[in-house]
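# Descriptive structure summary
These are the residues of each chain, in order.
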Amino acid sequence: MILRRLLPSCLTVLLTLATTGCFNRETPVERGIRDQVLHRGIGVEPLDLDPQIATAANDYHTISALFEGLVGQDPRDLSPVPGVAERWDVSGDGLIYTFFLRADARWSNGEPVTAQDFVASYRRILTGSLGAENASQFYVLQGAQAFHQGKVTDFAEVGVKAVDARTLRLTLDHATPYFLSLIQHWAWFPVPLSVIEQAGPAYERGNPWARPGTLVGNGPFTLKEWRRGQRLVVVKSPTYWDAATVRLQEIHLYPIESRDAEERAFRSGQLHLTEALPPGKIERYRREEPELLRVDPYLGTEFYRINVSRPFLNDKRVRRALALALDRSLLVEKVLRGGQQPAYAFTPPDTAGYTTSARLPEDVAEARRLLAEAGYPGGVGAPAIELLYNTSETHRLLAEAAQQMWRTQLGLEVRLLNQEFGTLLAARRAGDFQLLRSAWIGDYLDPATFLHLWRSDSGNNYTGWASTTYDQLTFEAARTADPAARRALLDRAENLLIEEAPFIPLYHYTHVYLVHPSVKGWHPTLLDHHPYKHVWLDR
């Protein structure tokens, strides 16, 4: 009788053990903690790991493991720290930077990283045939813009010189207070020209050198595996100069564009870190598992690009009407719910002390007036327009909300089209869009990283909008030493940008994601950069 009464209890215990105890298989997260293998979601998959071709902010998650620039980043505040250069000198006028490269800097094939490697790398990105969108970052260098635009053919006229194998001298066109922050961007990382040339033409897009088996980098990790649509695996590099600091043995990076799927992977023990979190799950984590939820400041703006070369959208009254008709507070409070701020301009407030006076608020009455003035009262006679966005639940929800607002407030028909991210980027490069979901994350901690995007010579503009006045204002600002006067020039430029409206601001970012408690050395930073050499896993 006693045995009969105990039997159900014993079966319950055995079943519990089988599912949660010693019979349970170890999850990747648990095994990773033991073996120092970090499992991380990265959202969108990189299209290319060539630092001079990659443009998406998420590309940094992988590229920063494989390459290192002249200076590195402090893991807490991203201030410049020695990288390939063990030290540097700056001339009194701020125009000449001399970098002294460390003797033990090595490529992953064991070859030394030299000043000549940087010269060759910078020549490559500034060669027009490569079509590098980030080449305009280098215009701070003396002669770089003229070389990139083909006005000068002799690279010796560009302010890049290898004094000797371990001394690199960069001469600027104008003093740039944020220069050491600028060169932390992956576009400034060196690439191995001899390796690239073995794989194909070094100065043309499409060279397949940045793949497992052929990619040679100089960062703390090397590329072991890249299975498209599944994962990338990087392993600790034995040739990295600071390998003793690196505690992680491997990093597994998973391109999971669905935020719901990524959250499920985290919950099932597949990931230590997610790239994002579905808005509908935020409140549950706040309430039930706040120790897993991170909401970090993030220097970025979500917006819709407008192709101003298209009929209907080539009228700035129409563009401004589209922008004025959106209720951004509703978008961030009801759709996003992650502490984001409504965006009424392009540059996030208080970016390195700069806050613009420009503003594109919600003003439905003015939006209707402008649309009527343009010849489309109540939307009558207006053509349907198309909003293109990359696949994501959140992007879809925002697009549907905007679509409804434009229909209700202006009587406009907006059709939604979603594409895989790589296809969207190809459409962006070709100008094959009307409205395009976009985001800009600061490349460095200065308002110029936002406002230079809209210059006519920027490789990242894509809207077809150009203004000589805007170019001149940003040109003067770059050469103005007085901080207050410089901010005033930038503010004038941003007011012009808002008046012309080649874009529709939506919101300024926060980074909302999940982190397993075992992840250490992962600090909130404005650019969402986390140097892997300072990250480890701890039970």
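For the structure given in this document, a descriptive report is provided here. As the structure is a computational prediction, the values presented were derived from the model and not from experiment. (Residues numbered from 1 in each chain as written. Predicted model: local features only at pLDDT ≥ 70, side-chain atom pairs only at ≥ 80, totals over all residues. Heavy atoms only, no water.)

### Thoughts on the pairing of strand S5 (residues 96-101)
Summarising burial for S5: 5 of the 6 residues are buried, a large majority. Where strand S4 (residues 85-90) and S5 come together, 5 bridges link them in antiparallel fashion. The partner of Ala85 across the bridge, within S5, is Leu101. Taking the residues between adjacent antiparallel strands as the criterion, S4 and S5 are bridged by 5 residues, where Gly94 takes a positive phi near 75°. Inspection of the sheet shows S5 paired to strand S7 (residues 167-171) by 5 bridges, in the antiparallel sense. Across the sheet, the residue bridging to Ile96 is Thr171, located in S7. (Buried < 20%, exposed > 50% of the residue type's maximum accessible area, 1.4 Å probe, protein only. Helix = DSSP H or I, 4+ residues; strand = E, 2+ residues; numbered from the N terminus. Pairing = 2+ DSSP bridges.)

### Some points on the side chain of Arg102
Inspection of the secondary structure puts Arg102 in the loop between S5 and helix H4 (115-125). Within the buried set, Arg102 has no salt-bridge partner at all; the shortest N-O distance to an opposite charge, 4.4 Å, is to Glu86. A polar atom in the side chain of Arg102 sits 2.7 Å from the backbone oxygen of Gly83. Contact partners of Arg102, with chain neighbours within four places excluded, come to Pro82, Gly83, Val84, Ala85, Glu86, Arg166 and Trp241. (Lys, Arg positive; Asp, Glu negative; His and termini not counted. Salt bridge = Lys/Arg side-chain N within 4 Å of Asp/Glu carboxyl O. Polar contact = N/O pair within 3.5 Å; in protein donor to acceptor, adjacent residues only side chain to side chain. Contact = heavy atoms within 4.5 Å.)

### Focus: the nonpolar core
In terms of nonpolar packing, the biggest core is built from 78 residues, with Leu70, Phe99, Leu168, Phe179 and Trp188 touching the most fellow members. Apart from residues no more than four positions distant in its own chain, Phe179 is found in contact with Tyr97, Phe99, Val140, Leu141, Leu170, Leu172 and Trp188. Counting 64 residues, the second largest nonpolar core, distinct from the first, contains Leu326, Val335, Met405 and Tyr470. (Core = buried A, V, L, I, M, F, W, Y, C linked by side-chain atoms within 4.5 Å.)

### Re the packing of aromatic side chains
Applying the stated criterion across every chain yields a total of 26 aromatic pairs. Between Tyr97 and Phe179, the aromatic rings sit 4.7 Å apart at their centres with planes inclined by 50°, giving tilted as the arrangement. Remark: Phe179 occurs in helix H6 (residues 179-182) and Tyr97 occurs in strand S5; sequence separation between them is 82 residues. Note on accessibility: Tyr97 and Phe179 belong to one class, buried. Pairing Phe346 with Trp454 gives two aromatic rings, centres 5.3 Å apart and planes at 75°, and the pair type is edge-to-face. Here Phe346, found in the loop between strand S12 (341-342) and helix H12 (364-373), pairs with Trp454, found in the loop between helix H15 (448-451) and helix H16 (468-478); they are 108 residues apart in sequence, far enough to count as distant. Assessed through its relative accessible area of 0%, Trp454 is described here as buried. Arg87 extends its terminal NZ or CZ atom over the ring of Phe100, reaching a point 3.9 Å from the ring centre. (Phe/Tyr/Trp six-rings, centres within 6.5 Å; stacked < 30°, edge-to-face > 60°. Lys NZ or Arg CZ within 6 Å of the ring centre and 35° of its normal.)

### With respect to helix H17 (residues 483-500)
For H17, with 18 residues, the first-to-last C-alpha span of 26 Å sits near the 26 Å given by 1.5 Å per residue. Regarding H17, the residues found buried are Arg486, Leu489, Leu490, Asp491, Ala493, Glu494, Leu497 and Ile498. In the core, the buried residues of H17 are packed alongside helix H10 (316-324), H15, H16 and strand S16 (503-514). Downstream of H17 by one or two residues, Ala501 has phi in the positive range, about 50°. (Expected span 1.5 Å × (residues − 1).)

### Focus: the sheet that holds strand S14 (residues 414-419)
Strand order in the open sheet made by the 6 strands is S12-S16-S11-S15-S13-S14, with mixed pairing throughout. At either margin of the open sheet sits one strand with a lone partner, and together these are S12 and S14. Inspection of the sheet shows strand S13 (residues 385-390) paired to S14 by 6 bridges, in the parallel sense. Each bridged residue has a counterpart across the sheet, and for Ile385 the counterpart in S14 is Val414.

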